[in-house]
Amino acid sequence: MKKSGIHILLLFLIALLCVNHLSAQEKAYPKKGEGITLFLQRFDRSGSEYQKEFIRLNKGRLGKGNSLLMGVKYTLPPRKAASKGTSRGAKAVSTKKKNYQPLFGKALANYQVTSSELRGACFYLVSGHGGPDPGAIGKMGSHRLHEDEYAYDIVLRLARVLLSKGAKVHIIIQDAKDGIRDERYLSNSKRETCMGDPIPFNQISRLEQRANRINSLNKQDKESYKRAIFIHIDSRSKHQRTDVFFYHQEKNAAGKRLAKTMKSTFARKYAHHQPGRGFSGTVGSRNLYVLRHTVPTSIFVELGNIQNSYDQRRIILSNNRQALANWLCEGFIADYKRYKGGKR
């Protein structure tokens, strides 16, 4: 065979291989509320490398901030070959470390499960605001206190203590850098994402994004006891001192019971640690977007008034932030025990 004929044959075989490769690429439609992270997780493609490849493969077909568009069929990045030592056809061993959560920061990423009190319970933890929205801003001397940073730190602490009790935990708003911090004055950033997806600037879009993310996870989670908590810090007149107060979903008996349990837990803790002070926190229903649109039973927590000097001490001291997380966890434990006892 002449050289020109061999070249033509080789080119034909290469083209055939390329066509077969393209035709073999998997494609799929996103579900409502899914961002790139959850979408890829559904097809066992987790990690930044898969995300970068996904964005490259679907360039021009993504929405603002690389969001997924409903009704668009996206190309999935090819699955990586199993590492050496994995038997042919066997599922690759997960590289995710057990009892390890990098969002907690290097020093605290490893945690121990010390009890099974919350085994079988699943939680969705949401710190208020984040990304382009810092939330309320208080002042303490020359320092600015940003609501989203303090709420996020308390959420991380709550997540860690819930995990230590055997719970399953989803941290909805995430900052890959911050971790749990002990400083009084937490620096502000706009790095926060909704589980890897950019947080929209528009308020309704932000709230819809986190509600949809919770609802999407809720469909996948098999636990019967599932609870969501939204953690905020209120902003009122600087002269108005407030205690922690709780909102629940309207006409939701389980949410009302959880909020009341949280309140009684805090009242008991204040009576022990600050006898004679009293506790004036309240419980009520409120027509908030995230409470209306979140499927799992949910509560909304305001930790105090970020403008008030007394309430500011509740959040700037790391020991106080940890105490808030511990008490919220105790409230969840008490509620879960009632649930298992048949009081639903």
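Located above this text is the structure these notes cover.
None of the values given here were measured: they were computed from a predicted structure.

Student: How should the nonpolar core be read in this particular structure?
Tutor: Nonpolar side chains in soluble globular proteins tend to be buried together. Of all hydrophobic cores here, the largest spans 54 residues; its most connected members are Leu158 and Leu162. Looking at this core, the elements that each hand over two or more residues are β3 (121-127), α4 (147-164), β6 (168-171), β10 (225-234), α6 (253-273), β13 (297-305), α8 (309-316) and α9 (318-340). Element by element, the count of residues in this core is highest for α4, at 11 residues. Those residues in contact with leucine 162 that sit more than four places away from it in its chain are Leu118, Phe123, Leu125, Ala167, Val169, Cys329 and Phe332.

Student: Help me understand the pairing of β3, please; the structure alone is not making it clear to me.
Tutor: Most of β3 sits out of view: seven of its seven residues are buried. Here β3 pairs with β10 via seven bridges, running parallel. When the sheet's bridge partners are listed, leucine 125 is paired in β10 with isoleucine 229. Bridge count between β3 and β6: four bridges; the pairing is parallel. The residue of β6 that forms the bridge with phenylalanine 123 is valine 169.

Student: Any chance you could explain the packing of aromatic side chains here in plain terms?
Tutor: How two aromatic rings sit relative to each other is given by the distance of their centres and the angle of their planes. By the definition in use, this model includes 17 aromatic pairs. Pairing tyrosine 225 with tyrosine 339 gives two aromatic rings, centres 5.1 Å apart and planes at 65°, and the pair type is edge-to-face. Here tyrosine 339 lies in helix α9 and tyrosine 225 lies in strand β10, a separation of 114 residues in the sequence. For tyrosine 225, a relative accessible area of 0% translates into the label buried. Ring centres 5.5 Å apart and planes at 70° place the aromatic pair tyrosine 270 and tryptophan 327 in the edge-to-face group. Of this pair, tyrosine 270 sits in helix α6 while tryptophan 327 sits in helix α9, and the two are 57 residues apart along the sequence. By relative accessible area, tyrosine 270 is classed as buried at 6%. Among the aromatic residues, those joined into a ring-pair cluster are Phe123, Tyr225, Phe332, Tyr336 and Tyr339. Over the face of the ring belonging to tyrosine 225 we find arginine 227, whose NZ or CZ atom lies 4.0 Å from the ring centre.

Student: Teacher, can you tell me more about α9 here?
Tutor: The α-helix advances 3.6 residues per turn, and as a result positions three or four apart in sequence lie on the same side. The end-to-end C-alpha separation of α9 is 33 Å, in line with the 33 Å expected for 23 residues at 1.5 Å each. At the exit of α9 stands glycine 342, carrying a positive phi of roughly 100°.

Student: Got a minute to help me understand the sheet that holds β3 in this structure?
Tutor: Sheets are built from strands that pair by backbone hydrogen bonding, the pairs being arranged parallel or antiparallel. Here six strands make up an open sheet; going across it, the order is β6-β3-β10-β13-β11-β12 and the pairing mixed. Looking at strand neighbours, the two that pair on one side only are β6 and β12 (283-285), the edges of this open sheet. The sheet shows a mean angle of 25° between the axes of neighbouring strands, taken without regard to direction. Sheet analysis places strand β11 (residues 245-248) next to β12, joined by three bridges and oriented parallel. Note on β12: the bridge partner recorded for tyrosine 247 is glycine 284. Each of β3, β6 and β10 is contacted by helix α5 (residues 203-220), which is oriented at about 165° to β3, the strand it contacts most.

Student: Hey, could you run me through the packing of α8 against α9 in this one?
Tutor: When two helices pack together, you describe them by how their axes are tilted relative to each other and by the distance separating the axes. Relative orientation of the contacting elements α8 and α9 amounts to 80°, with a least axis distance of 5 Å. Here α8 lies roughly perpendicular to α9, going by the angle between them. Here Arg313, Arg314, Ile315 and Ile316 of α8 come into contact with α9, specifically with Ser318, Asn320, Arg321 and Leu324. Here the residues of the contact of α8 with α9 sort into three nonpolar, two polar and three charged.

What counts, and where the lines are drawn
- Residues numbered from 1 in each chain as written.
- Predicted model: local features only at pLDDT ≥ 70, side-chain atom pairs only at ≥ 80, totals over all residues.
- Heavy atoms only, no water.
- Core = buried A, V, L, I, M, F, W, Y, C linked by side-chain atoms within 4.5 Å.
- Buried < 20%, exposed > 50% of the residue type's maximum accessible area, 1.4 Å probe, protein only.
- Helix = DSSP H or I, 4+ residues; strand = E, 2+ residues; numbered from the N terminus.
- Contact = heavy atoms within 4.5 Å.
- Pairing = 2+ DSSP bridges.
- Phe/Tyr/Trp six-rings, centres within 6.5 Å; stacked < 30°, edge-to-face > 60°.
- Lys NZ or Arg CZ within 6 Å of the ring centre and 35° of its normal.
- Expected span 1.5 Å × (residues − 1).
- Axes fitted to C-alpha atoms, helices over the stretch in contact; angles between N-to-C directions.
- Parallel < 35°, antiparallel > 145°, perpendicular 65-115°, else oblique.
- Nonpolar A, V, L, I, M, F, W, Y, C, P; charged D, E, K, R; others polar.

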